[in-house]
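Observations on chain architecture
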Amino acid sequence: MEEKAKNRDQSEKPLEDEHCPICFGDFTIPCRTNCGHWFCATCILQLWNYRSTVQRCKCPICCRPISNLVPEDSLLVQQQEDAELLRDVTRYNHLYVGGVYGFFLKLVALPLLMQRIMGSLMSKLIDPNHVKLNCYVLRLFALLLSWIYSNCNFEFIPTGRLGIWRLLDICAMAMVAIFYFAGLFHRWALRRHVRLLTVLQAHERS
């Protein structure tokens, strides 16, 4: 049994009777992880994009961090869409290479890293479970901005009787409310999408 699992982990392509553990369909651009499991390149990259973090994607089967995706050796694709997908796989691998060469690759991939960092920040801001933390952080940020505004003698914001601190504090609370309701809508949309996919898969099986 152990020998069979070892051979599967070291195989250059998935077994003929295997299916992608994420979409449960036939493999499209199959990729092997460093833990030996096979997934569709599209599925595993979408899972990573869904997390919106700069951390490595975790294997859905064994939960080990995925530091390397190896496409099937026989994939000598010429289609433009497949070539772009393989470039996305290469970019993912470059983000998690160590050493000096890895640092150079991270500099090259800096736009992607900044996109991931901003995505991670936005996912935290619209998470309804973090509403209290977001309230504290944004109000502190408003306090910092008001201190800078007051000490630099700026006068370009019409504050009226509120004062700069109270005005920015109200703006911060409004942003917290906007992010909260946006997070609730995002969560509802995701759950609705999952329900629709479940219904479609049930119809296909029947």
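Parameters and conventions
- Residues numbered from 1 in each chain as written.
- Predicted model: local features only at pLDDT ≥ 70, side-chain atom pairs only at ≥ 80, totals over all residues.
- Heavy atoms only, no water.
- 1 Å grid on protein atoms, 1.4 Å probe; cavity = no way out; pocket = protein on both sides within 12 Å on 5 of 7 lines; lining within 4 Å.
- Points joined across faces, edges and corners; volume = space filled by probe spheres on them.
- Helix = DSSP H or I, 4+ residues; strand = E, 2+ residues; numbered from the N terminus.
- Nonpolar A, V, L, I, M, F, W, Y, C, P; charged D, E, K, R; others polar.
- UniProt positions renumbered as here; feature names shortened; annotations may be inferred.
- Phe/Tyr/Trp six-rings, centres within 6.5 Å; stacked < 30°, edge-to-face > 60°.
- Buried < 20%, exposed > 50% of the residue type's maximum accessible area, 1.4 Å probe, protein only.
- Pairing = 2+ DSSP bridges.

As recorded in an unreviewed UniProt entry, the protein goes by the name RING-type domain-containing protein, listed as coming from Anisodus tanguticus.

Right, let's get into empty space enclosed by the protein. As enumerated under the stated definition, the model contains one cavity of 30 Å³ or more in all. For the largest cavity, the calculated volume is near 30 Å³. Every residue along the wall of the largest cavity is listed here: L125, I126, D127, P128, V131, N134, V176, F179 and Y180. Elements supplying a minimum of two residues to the lining of the largest cavity: α6 (131–151) and α7 (164–205). In terms of residue count, the dominant contributor to the lining of the largest cavity is α7 (three residues). Taken together, the residues of the lining of the largest cavity sort by class into seven nonpolar, one polar and one charged.

As a further point, take the UniProt feature "transmembrane region" (unreviewed entry) in the protein. The residues that UniProt annotates with the feature "transmembrane region" (unreviewed entry) are residues 95–113 and 162–185. Between the C-alpha atoms that bound residues 162–185 there is a distance of 32 Å. The span itself is 92% helix and 0% strand.

Tallying each qualifying case throughout the model produces three aromatic pairs. Taken together, a centroid distance of 4.9 Å and an interplanar angle of 90° make the contact between W48 and Y92 edge-to-face. Of the two residues, W48 is situated in helix α2 (residues 41–51) and Y92 in helix α3 (residues 80–95); the sequence distance between them amounts to 44 residues. An angle of 75° between the planes, with centres 5.5 Å apart, marks the rings of Y180 and F181 as edge-to-face. Judged by relative accessible area, Y180 falls into the partly exposed class, the value being 30%.

The subject of this paragraph is unusual backbone geometry. The residue F24 is not glycine, and still its phi comes out positive at about 60°. We note that I29 has phi near 55°; this positive angle belongs to a residue other than glycine. Take I29: its relative accessible area is 9%, and that puts it in the buried class.

Moving on, we come to the pairing of strand β1 (residues 30–33). The alternating pattern of β1 places P30 and R32 and C31 and T33 on opposite faces, both of which are buried. Two strands pair when backbone bridges link them, and β1 and strand β2 (residues 38–40) are joined in this way by three bridges, in the antiparallel orientation. Bridge pairing links R32 to W38 in β2. As paired strands, β1 and strand β3 (residues 69–71) are joined by three bridges and run antiparallel to one another. Residue T33 lies in a different strand from β3, and its bridge partner there is L69.

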